Amino acid sequence: MEYIGLLILFIALELIYFKIADKYNIIDKPNSRSSHTIVTIRGGGILFPIAISTAYFLGYISWQITIAVIAVAIISFIDDIKPLSQLPRFASHVIAVGLVFFDLHLFSEAIWLLLIIFVLVIGWINAFNFMDGINGITVLYSLTTIVAFAFLPINESSLPLLITMGISCIVFGLFNVRKKAKTFAGDVGSISMALFLGYFMIKTILETGQFGFILFFAVYGIDAVITIVSRLKKKENIFQPHRSHLYQYLANEKGFSHVAVASLYAGIQAIINIMIVFMDNVGYLSLYVVGITLLLLTIVYLIVRTKIVCQLSSNNVE
């Protein structure tokens, strides 16, 4: 009954937000770099930090992580309404990661290790945010990852938290996983969720000593890294919005539906997650397996991406 209550609460809160956003004109107007063509309510992902706050009051999560998520959510929401400079956004990310480190007792670790984890988390947050470009992709990928975390025995005590976040994804998905989305996550949603998933990834790796769970982020990670490298080679500003991700080529240039492409990304990640959980259960998840898996996925990704880019170039020439 508790989770049914959360489901009803989150639906009600999302509908209330829609009324507020409509009144104050918090909308996303399509432009030349957008993957959507109609005016849509922005910031529906505010439900994610609300879910974190609810989890805190229910005793499912620490105050450090709650404040960390709320901090990035507030700055991100302001940025959704009125674009901010890089400084306040970066500052909120630094504070949030610091709180994550404090919660996980990482400040006793070597400085070099903290720097590596810091760079990886900041990179993950921004990569996840940039991947939020078509209907359904953020919420389906997030839900897939949350479910994977929930299947790990080490996270049994965190199931109420994971279920709460899963419910928030389901509710948001009702309004976003559509041909014509009612709302987008916005930075407030994508960055909040990225921080939560990043925190949970570090927590899981620390508690299990198993680095292989990083593959729960494999699909997004490979797409984000290769796209960044490709843009750098073209001397583009990687901090500016673009339409260079593989999923954007599939949805925009190739004409596949947003929901189909989003489901493809989530589905591939789900298959990887099932494989990782199974291999961990039988004791075969090693750094060697992680490396081979990443290599194979990268090769497949590059083949598909290269083929599509070549097709698009040929069509433009014609």
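Scroll up to find the structure.
Keep in mind the model is a prediction, meaning the values are calculated, not measured.

Asks: Lay out the layout of surface pockets in plain terms, naming residues and giving numbers.
Replies: The volume enclosed by the second largest pocket comes to roughly 980 Å³. Contributions of two or more residues to the lining of the second largest pocket are made by α5 (111-130), α8 (186-208), α9 (218-233) and α12 (287-317). Tallying contributions element by element places α5 first for the lining of the second largest pocket, with 10 residues. The residue makeup of the lining of the second largest pocket, split by class, is 26 nonpolar, 5 polar and no charged.

Asks: Account for empty space enclosed by the protein, naming residues and giving values.
Replies: Enumeration over the complete set of coordinates arrives at 1 cavity of 30 Å³ or more. Computed from the structure, the largest cavity encloses a volume of approximately 50 Å³. When residues of the lining of the largest cavity are traced back to their parent elements, those giving at least two are α5 and α9. Top contributing element to the lining of the largest cavity by residue count: α9, with 4 residues. Broken down by class, the residue content of the lining of the largest cavity amounts to 5 nonpolar, 3 polar and 1 charged.

Asks: If you had to explain the pattern of salt bridges to someone new, which residues and values would you point to?
Replies: Enumeration according to the criterion identifies 4 salt bridges in this entry. Among the salt bridges present, the one from Arg89 reaches Asp79, with a minimum N-O distance of 3.6 Å. In this pair, Arg89 sits in helix α4 (residues 86-103) while Asp79 sits in helix α3 (residues 63-81), placing the two residues 10 residues apart along the sequence. Taking relative accessible area as the criterion, Arg89 reaches 24% and is therefore assigned partly exposed. Residue Glu236 pairs with Arg231 through a salt bridge whose shortest N-O separation is 2.8 Å.

Asks: How would you summarise the nonpolar core if you had to cite specific residues and measurements?
Replies: Membership of the largest hydrophobic core comes to 87 residues, with the highest contact counts inside it found for Met165, Met193, Phe196, Leu197, Phe216 and Tyr265. Per element, the largest residue contribution to this core is 11 residues, and it comes from α8. Apart from the residues lying within four places of it in its own chain, the contact partners of Leu197 are Trp124, Phe128, Ser142, Thr145, Ile146, Phe149 and Phe217.

Calculation rules
- Think of each chain on its own: its residues are numbered from 1, step by step along the sequence as written.
- With pLDDT at 70 or above as the cut-off, local features in this predicted model cover only qualifying residues; side-chain atom pairs require 80 or more to be listed or tallied, and sums for whole chains, interfaces and linings still use all residues.
- Each side-chain value is worked out from all heavy atoms of the structure, with water and hydrogens disregarded.
- A pocket here means an open set of points on a 1 Å grid, computed over the protein atoms alone, that has protein on both sides within 12 Å along at least five of seven lines. A cavity is instead a set of points where a 1.4 Å probe fits but cannot get out; residues with an atom within 4 Å of a point line either one.
- Grid points are joined across faces, edges and corners, and a volume is the space filled by probe spheres set on the points.
- Here a strand is any run of E in DSSP of at least two residues, a helix any run of H or I of at least four, and the numbering for each starts at the N terminus.
- Charged means Asp, Glu, Lys or Arg here, nonpolar means Ala, Val, Leu, Ile, Met, Phe, Trp, Tyr, Cys or Pro, and polar covers whatever is left, Gly included.
- By definition here, a salt bridge exists when the distance from a side-chain nitrogen of Lys or Arg to a carboxyl oxygen of Asp or Glu is within 4 Å.
- The buried label goes to any residue with under 20% of its type's maximum accessible area, the exposed label to any with over 50%, and the partly exposed label to all in between, with areas taken from a 1.4 Å probe on protein chains only.
- Buried Ala, Val, Leu, Ile, Met, Phe, Trp, Tyr and Cys residues that are joined via side-chain atoms within 4.5 Å together make up what is termed a nonpolar core.
- Note on contacts: a residue pair is in contact if any heavy atoms of the two residues lie within 4.5 Å.

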